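Breakdown of the fold
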Amino acid sequence: LQVPLRLPSLPVAQEATLRSANGVATSVRFDNRTDRELSVYWVNSSGQRQLYGQVRPGESFDQQTYATHVWVLTDREGRAVALTVAQPQAGVLTVK
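In this report, we go over the structure that sits alongside the text. Within every chain, residues take consecutive numbers counted from 1 along the sequence as written. Owing to the predicted nature of the model, reporting of local features is limited to residues with pLDDT of at least 70; listing and counting of side-chain atom pairs is limited to 80 or more, with chain, interface and lining totals taken over all residues. Only heavy atoms go into the side-chain values, all of them from the structure, while hydrogens and water stay out.

Right, let's talk about the overall build of the protein chain for a bit. Broken down by element type, the protein chain carries zero helices and eight strands. In the protein chain, the order of α-helices and β-strands from amino to carboxyl end is β-β-β-β-β-β-β-β. In terms of overall size, the protein chain behaves like a compact globule, its C-alpha atoms giving a radius of gyration of 12 Å where 96 residues would be expected to give roughly 12 Å. If one aligns the C-alpha atoms of the protein chain with their principal axes, the spans along those axes are about 35 × 35 × 20 Å. Only protein chains enter the accessibility calculation, which uses a 1.4 Å probe; a residue whose area is less than 20% of its type maximum is buried, one above 50% is exposed, and one in between is partly exposed. Across the 96 residues of the protein chain, 40% fall into the buried class. Residues count as neighbours in contact if any of their non-hydrogen atoms are within 4.5 Å of one another. When contacts within the protein chain are restricted to residue pairs at least 6 apart in sequence, long-range pairs at least 24 apart make up 67% of them. Residue-level accessible areas treat just the shown protein chains as cover; the underlying method is Shrake-Rupley with a 1.4 Å probe. Accessible area of the protein chain: about 5,600 Å², with a carbon and sulfur share of 48%. By the counting rule applied here, Lys and Arg register as positive and Asp and Glu as negative, while His and the ends of each chain are not counted. Lysine's charge is taken at NZ, arginine's at CZ, aspartate's at CG and glutamate's at CD. Positive and negative side-chain charges in the protein chain, numbering 10 and 8 respectively, have mean positions lying 3 Å apart. Runs of E in the DSSP output that reach at least two residues are strands. Runs of H or I that reach at least four are helices, and both are numbered from the N terminus. Every radius of gyration here is taken over C-alpha atoms, with the globule rule written as 2.2 Å times N^0.38, N being the number of residues.

A few words on the pattern of salt bridges. Only one rule defines a salt bridge in this text: a Lys or Arg side-chain nitrogen within 4 Å of an Asp or Glu carboxyl oxygen. The full count for this structure, using the stated rule, is five salt bridges. Residue Glu-15 pairs with Arg-49 through a salt bridge whose shortest N-O separation is 2.7 Å. With Glu-15 in the loop between strand 1 (5-6) and strand 2 (25-32) and Arg-49 in strand 4 (residues 49-55), this pair connects stretches of sequence that are 34 residues apart. Since its relative accessible area comes to 13%, Glu-15 is described here as buried. Here Arg-49 falls in the partly exposed class, since its relative accessible area comes to 32%. Between Asp-62 and Arg-29 there is a salt bridge; the shortest N-O distance is 2.6 Å. Taken together, the positions of Asp-62 in strand 5 (residues 60-66) and Arg-29 in strand 2 put the pair 33 residues apart, joining distant regions of the chain. By relative accessible area, Arg-29 is classed as partly exposed at 36%.

So this is what it looks like as structure tokens:
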């Protein structure tokens with residue numbers, strides 16, 4: 001069993017320039033270690049957010065995806081709190 005890769009949280013301002021592209025199938029787990037519910041969005045090839053779900057405080061959200069796909073987590077007001085790009089190896093993004 002392969003240990004998931006720790007995905008870095010990129011500076012959220014980079015969301016404006018990052019786009020999803022084609023890559024190999026992979027997965028991402030979003031671990032919410034905050035005290036608030038977060039929304040999980042995929043950022044498509046046009047730079048638009050597409051809602052995939054919510055993750056409650058202290059819980060995790062598993063998502064099948066592709067390497068190079070961009071993911072952003074937001075608070076209830078839609079402000080980005082975490083941003084990452086999926087890698088070929090299954091990964092985990094922990095939001096604190």
